[in-house]
Amino acid sequence: MRSAYLTAARALQLGREWAVEGDQRRALSSYGEALNLLTILPPERTRDVLLAHTHLAFYQTLELVGAPGSQRHLQLGVSYARSTRDPLARAIAEECLSGLDVVM
């Protein structure tokens, strides 16, 4: 199971890198890969922290390109960030909710 977390974390990291480089299509695909993997794992804190970060990154990238579906990722990301109490996820969620610039 640890390898599944590492694979999902790597997909999230690659997605963020591609989003920063301007390749939103690859970024969204990578986030989708991470979500698909994480959603089949049993609930636990590590999984939920990764889900928070992935949903928030998905939201930010969708907002950058003006694509639909971003609000659902925001809601899920904020929910996971609140429940896990991960400081970084909570800070990103607060930024997204406050309407400040989208931050990777």
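Predicted model only: the values in this text are computed from it and were never measured. Position labels on residues start from 1 in each chain and follow its written sequence. The predicted origin of the model limits local features to residues at a pLDDT of at least 70 and limits the giving and counting of side-chain atom pairs to 80 or more, whereas totals for whole chains, interfaces and linings rest on all residues. For the side-chain quantities, the full set of heavy atoms in the structure was used; hydrogens and water were omitted.

Chemist: It is not clear to me how helix H1 (residues 2-21) should be interpreted in this structure. Could you clarify?
Modeler: Since one α-helical turn is 3.6 residues long, residues separated by three or four positions face the same way. Comment: elements are numbered from the N terminus, with helices defined as DSSP H or I runs of at least four residues and strands as E runs of at least two. The span you would expect from a helix comes to 1.5 Å times its residue count less one. The end-to-end C-alpha distance of H1 is 29 Å, a good match for the 28 Å that 20 residues give at a rise of 1.5 Å each. Throughout this description, buried means an accessible area under 20% of the type-specific maximum (1.4 Å probe, protein chains only), exposed means over 50%, and partly exposed covers the range between. Taken together, the buried positions of H1 are Ala 4, Tyr 5, Ala 8, Ala 11, Leu 12, Gly 15, Trp 18 and Ala 19. Along the long axis of H1, the arc covered by the buried residues comes to 155 degrees, so they all point the same way. Along H1, exposed side chains directed more than 90 degrees from the buried face belong to Arg 2, Ser 3, Leu 6, Val 20 and Glu 21. We call two residues contacting when some pair of their heavy atoms lies within 4.5 Å. Those residues of H1 that are buried are in contact with helix H2 (24-39) and helix H3 (45-65). Think of it as the arc spanned by the lines of direction from the helix axis to the C-beta atoms.

Chemist: Please clarify how the pattern of salt bridges should be interpreted in this entry.
Modeler: Note on pairing: side chains with opposite charge can pair once their charged atoms come close. What counts as a salt bridge is simple: a side-chain nitrogen of Lys or Arg found within 4 Å of a carboxyl oxygen of Asp or Glu. The tally for this structure, following the rule as stated, stands at two salt bridges. Here Asp 48 makes a salt bridge to Arg 47, at a shortest N to O gap of 2.8 Å. Taken as a pair, Asp 48 and Arg 47 share a single burial class, namely buried.

Chemist: How should the environment of Ala 81 be read in this particular structure?
Modeler: For Ala 81, the location among the structural elements is in helix H4 (residues 70-84). Considered as a pair, Ala 81 and Val 65 are 16 residues apart in the sequence and their alpha carbons are 23 Å apart. In contact with Ala 81, other than residues within four places in its own chain, are Ala 52, Asp 86, Ala 89, Arg 90 and Ala 93.

Chemist: Is there a simple way to think about the packing of H3 against helix H5 (residues 87-98) in this case?
Modeler: Pairs of packed helices are described in terms of their axes, by the angle between the two and the distance that separates them. Fitted lines through C-alpha atoms serve as axes, helices being fitted only where they are in contact, and the angles separating the N-to-C directions of these axes extend from 0 to 180 degrees. Running from N to C, H3 and H5 cross one another at 25 degrees; their axes reach a closest spacing of 10 Å. The angle between H3 and H5 falls in the class roughly parallel. For the crossing formed where H3 meets H5, the hand is left-handed. Residues Ala 52, His 53, Leu 56, Tyr 59 and Gln 60 of H3 pack against Leu 88, Ala 89, Ile 92, Ala 93 and Cys 96 of H5. Three classes are used, and their members are as follows: Ala, Val, Leu, Ile, Met, Phe, Trp, Tyr, Cys and Pro are nonpolar, Asp, Glu, Lys and Arg are charged, and the others, Gly among them, are polar. Per-class residue counts for the contact of H3 with H5 are eight nonpolar, two polar and no charged. The scheme is simple: roughly parallel for angles under 35 degrees, roughly antiparallel for over 145, roughly perpendicular for 65 to 115, oblique for anything else. With the far helix as reference, a near helix turned anticlockwise by less than a right angle produces a left-handed crossing, and one turned clockwise produces a right-handed crossing.

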